[in-house]
Amino acid sequence: MLVVQRRASIPARINIIGEHTDYLGGLALPFASEHRLMLTATKADQTEGDATVVELWRAAGGWPAALEVKSTIPIGAGMSSSAALCLAVVLCANGPMEPFDACLEAQRIEHQVLKTPCGLLDQIAMMMSQEHHATLIDFTAMTWDAFLIPESWMFKLVDSGVRRQLNQTEFGTSVDSSALQRHATEENRRVRQALDTTPIELGTLLNASHASLQSIGVSTPEVDALVSKLQATPGVLGARMMGGGFGGMILIAVNDPEVVPDAPLLKPSRGGFLEESL
């Protein structure tokens, strides 16, 4: 192998709306944030690094390498740090490849090693995103299209402080299938409505999305209390839990950058990429 080093840079995933729909053939509207995970793989006599990273590396068929991870993506916060890591491993192990093939392989090793029952929302969002755009994903047709985010749409994240690991939660074992299907149907409708809506109307959709996520049991009392507080905050147009659930970040839509001043505005970023050095 002529390549001496590969470095993959993968963004975090912010999902505007369309939560718990990917594994049900639904719709989602995510974008990539400026938070990023970087994996550097340098040719070595033997593979070394964090034990979990090494296990993922071997599952992806990686070559002997020193593995170093640097990340600004919070762990267990609903921003898909695990999917970012798996994508970085796949790209560094395999080199340049078709983005969707990378998504499928990253999902495979996440299932195998991390035991996370994930769909493909995170991987597609991370690989297909463009600056200033969200990605409209249809998980039945398995298609994705760039959606230019209106300048009037402004988003921030508020950390609930509650952390979880999806492979340790009970979702999927007790949720009523009819309730889950009802959520997916209504959430898909909200995604479609969001494509042509004002910031105020979008906020209403976020609030409705959170209520629906509560109904399928993926929120927590601590998160619900903070969401309610944020929804009542002047200048906050809407708020909902984000990600797989059971804690993590709360997404808010605001009408002014100074609303919730401690939280920076989110800036839609580019998707994942790979660099190689000979």
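Scroll up to find the structure this text is about.
One structure accompanies this document, and this report is about it. (Residues numbered from 1 in each chain as written. Predicted model: local features only at pLDDT ≥ 70, side-chain atom pairs only at ≥ 80, totals over all residues. Heavy atoms only, no water.)

**Let's talk about the pattern of salt bridges**
Inspection of the entire model under this criterion finds seven salt bridges. Here Lys70 ties to Glu68 by a salt bridge, and the two come within 4.0 Å at their closest N and O atoms. On the basis of relative accessible area, Lys70 is assigned to the exposed category, the value being 56%. Given the relative accessible area of 44%, Glu68 is considered partly exposed. For Glu105, the salt bridge is made with Arg108, and the minimal N-O distance between the two is 2.8 Å. Of this pair, Glu105 and Arg108 both sit in helix H3 (residues 99-114), three residues apart, roughly one helical turn. Of the residues examined, Glu105 reaches a relative accessible area of 18% and is grouped as buried. Judged by its relative accessible area of 34%, Arg108 is partly exposed. (Salt bridge = Lys/Arg side-chain N within 4 Å of Asp/Glu carboxyl O. Buried < 20%, exposed > 50% of the residue type's maximum accessible area, 1.4 Å probe, protein only. Helix = DSSP H or I, 4+ residues; strand = E, 2+ residues; numbered from the N terminus.)

**Here we look at the sheet that holds strand E2 (residues 27-28)**
In spatial order, the strands read E2-E5-E6; together these three strands make up an open sheet with antiparallel pairing. Sheet topology places E2 and strand E6 (143-148) at the edges, where each strand pairs with a single neighbour. (Pairing = 2+ DSSP bridges.)

**Some words on the nonpolar core**
Counting 67 residues, the largest nonpolar core has Ile16, Trp57 and Phe155 as the members making the most contacts within it. Counting residues per element, this core draws most heavily on helix H2 (residues 81-94), at eleven residues. Sequence-distant contacts of Ile16, defined by excluding residues within four places in its chain, comprise Leu29, Pro30, Phe31, Ala134, Ile149, Trp153, Phe155, Leu202, Leu206, Arg240 and Leu251. With 18 residues, the next largest nonpolar core counts Leu213, Val227, Met241 and Val254 among its residues. (Core = buried A, V, L, I, M, F, W, Y, C linked by side-chain atoms within 4.5 Å. Contact = heavy atoms within 4.5 Å.)

**Brief notes about the environment of Thr52**
Mapped onto the fold, Thr52 is located in helix H1 (residues 51-59). On the basis of relative accessibility, which here comes to 35%, the residue Thr52 falls in the partly exposed class. Taking C-alpha positions, Thr52 is 8.2 Å from Val113, a pair spaced 61 residues apart along the chain.

**Some words on the pairing of strand E8 (residues 236-241)**
Within E8, six of the six residues are buried, which leaves the element mostly enclosed by the surrounding structure. Here E8 pairs with strand E9 (residues 249-254) via five bridges, running antiparallel. Bridge pairing links Met241 to Ile250 in E9.

**Some thoughts on the state of the cysteines**
Put plainly, two cysteines are in a disulfide when a covalent bond ties their sulfur atoms together. Inspection of the entire model under this criterion finds zero disulfides. Take Cys92: it sits in no disulfide, and the sulfur closest to it among the cysteines is that of Cys86, at 13 Å. For Cys92, a relative accessible area of 0% corresponds to the buried category. Of the cysteine sulfurs around Cys103, a residue in no disulfide, the closest is that of Cys118, at 11 Å. A residue is classified by how much of its surface remains accessible, and Cys103, at 0% relative accessible area, is buried. (Disulfide = S-S within 2.5 Å.)

**A short note on unusual backbone geometry**
You will see that His20, though not glycine, has its phi angle at about 55 degrees, which is positive. Among the secondary structure elements, His20 is positioned in the loop between strand E1 (5-15) and E2. Phi is positive for Val260, close to 50 degrees, though the residue is something other than glycine. When you line up the elements, Val260 lands in the loop between E9 and strand E10 (273-277). By relative accessible area, which is 22% here, Val260 ends up partly exposed.

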